[in-house]
Amino acid sequence: MSDMYDEPNGDTQAHEHRGKDAYEHERIFAALPPAHGRGFAQSWWGQAWLKALEDTALELAQLKAGRRLARAGAVGAVSVRPGRITAVVKDPDGTPHRSDVLLQRLSEDDWDHFLGMTVERAGHIATLLDREMPPHLVEDASAAGVELLPGIGDLEPRCDCEAWDHCGHTSALCYQVARLLDQDPFVLFLMRGRAERELLDELQVRSVTQAESEVMPTGQQEGALEGVDAGEAYAEGAILPPLPELPALPSEPGLPPALDTETEPAPGLDVTALEFLAARAAAEAHRMLAEALSPGHERQPVEGELTPDEDAVRLAVAAPAAVAERLSSAARRGRDGLALAVRAWEHGGPAALAVLEEEWAPPADALARARAALDAAWDDDERPRLRAARNRWTVVGGDAQLRQGSDGRWWPYRKERGRWAPAGPAAHDPATALAVVTGGE
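On a predicted model such as this, the values are computed, not experimentally measured, just so you know. (Residues numbered from 1 in each chain as written. Predicted model: local features only at pLDDT ≥ 70, side-chain atom pairs only at ≥ 80, totals over all residues. Heavy atoms only, no water.)

**Q** Is there a simple way to explain the sheet that holds strand E1 (residues 27-29) in this structure?
**A** Hydrogen bonds between backbone atoms are what pair the strands of a sheet, whose relative direction is either parallel or antiparallel. With respect to topology, 5 strands assemble into an open sheet ordered E1-E2-E3-E4-E5, the strand pairing being antiparallel. Unpaired on one side and paired on the other, E1 and strand E5 (156-159) mark the two borders of the sheet. Averaged over neighbouring strand pairs, the angle between their axes works out to 20° when direction is ignored. As paired elements, strand E3 (residues 84-90) and strand E4 (residues 96-102) share 7 bridges and run antiparallel to each other. Residue pairing in the sheet places Lys-90 in a bridge with Pro-96 of E4. (Pairing = 2+ DSSP bridges. Helix = DSSP H or I, 4+ residues; strand = E, 2+ residues; numbered from the N terminus. Axes fitted to C-alpha atoms, helices over the stretch in contact; angles between N-to-C directions.)

**Q** I would appreciate a short explanation of the nonpolar core in the present structure.
**A** Buried together is how nonpolar side chains tend to be arranged in soluble globular proteins. The biggest cluster of nonpolar side chains holds 57 residues, and the ones touching the most others in it are Trp-49, Phe-114, Phe-189 and Met-191. Take this core: its biggest share by element is 8 residues, from helix H7 (residues 168-183). Counting 22 residues, the second-largest nonpolar core is a separate cluster that includes Phe-276, Ala-319, Val-355 and Tyr-413. (Core = buried A, V, L, I, M, F, W, Y, C linked by side-chain atoms within 4.5 Å. Buried < 20%, exposed > 50% of the residue type's maximum accessible area, 1.4 Å probe, protein only.)

**Q** Teacher, can you tell me more about helix H16 (residues 430-438) here?
**A** Listed in full, the buried residues belonging to H16 are Pro-430, Ala-431, Ala-433, Leu-434, Val-437 and Thr-438. The arc that holds every buried residue of H16, seen down its axis, measures 160°, which confines them to one face. As for H16, its buried residues are in contact with helix H15 (364-377), strand E6 (386-389), strand E7 (392-395), strand E8 (400-404) and strand E9 (410-416). (Arc of directions from axis to C-beta. Contact = heavy atoms within 4.5 Å.)

**Q** Teacher, can you tell me more about the sheet that holds E7 here?
**A** Pairing is antiparallel across the open sheet formed by 5 strands, whose spatial order is E6-E7-E8-E9-E10. A single partner strand is all that each edge strand has here, and the edge strands are E6 and strand E10 (419-422). The average undirected angle you get between the axes of adjacent strands in this sheet is 30°. Relative to E9, E8 runs antiparallel, the two sharing 5 bridges. The residue of E9 that forms the bridge with Arg-403 is Trp-411. Sheet strands touched by helix H14 (residues 334-357): E7, E8, E9 and E10. Its angle to E10, the strand with the most contacts, is close to 55°.

**Q** Help me understand the packing of aromatic side chains in this model?
**A** Between two aromatic rings, the relevant description is the distance of the centres plus the angle of the planes. With the rule as written, the count across this model stands at 6 aromatic pairs. Seen in terms of ring centroids, Trp-393 and Trp-410 are 5.5 Å apart; in terms of plane orientation they differ by 80°. Their pairing is edge-to-face. Taken together, the residues Trp-393 in strand E7 and Trp-410 in strand E9 connect sequence positions 17 residues apart. Assigned by exposure class, Trp-393 and Trp-410 land together as buried. Connected via pairs of aromatic rings, a cluster forms that spans Trp-111, Phe-114, Phe-186 and Phe-189. A cation over a ring is seen here: Arg-403 above Tyr-413, with NZ or CZ 4.1 Å from the ring centre. (Phe/Tyr/Trp six-rings, centres within 6.5 Å; stacked < 30°, edge-to-face > 60°. Lys NZ or Arg CZ within 6 Å of the ring centre and 35° of its normal.)

Okay, here's the thing in structure tokens:
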């Protein structure tokens, strides 16, 4: 078994080959911040890793010491390579210790079985690309004698403190690696002997090979294919069980997959912007799902598709500074113009953005109703004087303005540094909207 670790075994040439291979695929993870107030593993595969540690360690006190060190941020940068994880762990007094934990690498036969089973289910590959570990993949592999997750005794400690079992330092390293596994299950595959890019390339080759082998041979007639009679399939549909209830709405949007991999980004790819777009897509999907599950949603009108300009403003609402700068350039608004557009969007989405930018002439009957509503809202000697110009009514000598939208609602505006800026959400009554910027005076 020892020859599957990144350790000398008497065969110098073989060891040198393994050593080069291991360091070629090494990944270095920066030290993580302290883990106060949270568990070390949230995913089931991260918890399985910790179970292997806790079932192996003979001294509970050393596990507790390791948890304290890991929580305090005493574990430095973690090196992960085939067969080994390494880090410098500091004692409370600052004394550093090099700590290693060895994990047996899978043999070539094991990898052959594993890759063969994985390509049989496209869902497994999709789940892995989402940085999650498919439970059935682990179960299928285990049934074939390929153990992906470590078991009792599989995590072999090495530390320069010369402890004979897991010490506080190697325990702290394992607790820290559980956090890394939560973010990216490919860390486990690397420890077992395959780097992410290598693994995905092998899966792609096997997928293409399998697809080609399933193509119908030349000359085979379509009638020779096996299938189910359409009448039988229709009849069986009537006795199928009812569909399960819809799952509950998640409390918050999901986290997008981590983009911190050993593969360098393509030239010109802005990783920060891509991570932001993924997070916003998750948030937007959560919003749309919440609306779809709300009562009466089926009676609501279908939302129109956003224009590229509208979508740029939507994204700018929560964009970091660097991304907002790119959006302002793409939207050709400039920084100040984008800031006004974002304020409008926050008050009312596309409708508020249209009011910010569009001037149009309301019909005469709409203007008459608006004047009547304004006349009724104030006494004669208190009523503000308004100058109407198309759909914009401005308080004479003041810094307040009303703008009518195409849906008949009224939007309050206030003059700031010489520019009219959105001041609040829309109201159906123009007097109510005007009171937002005049204080009801």
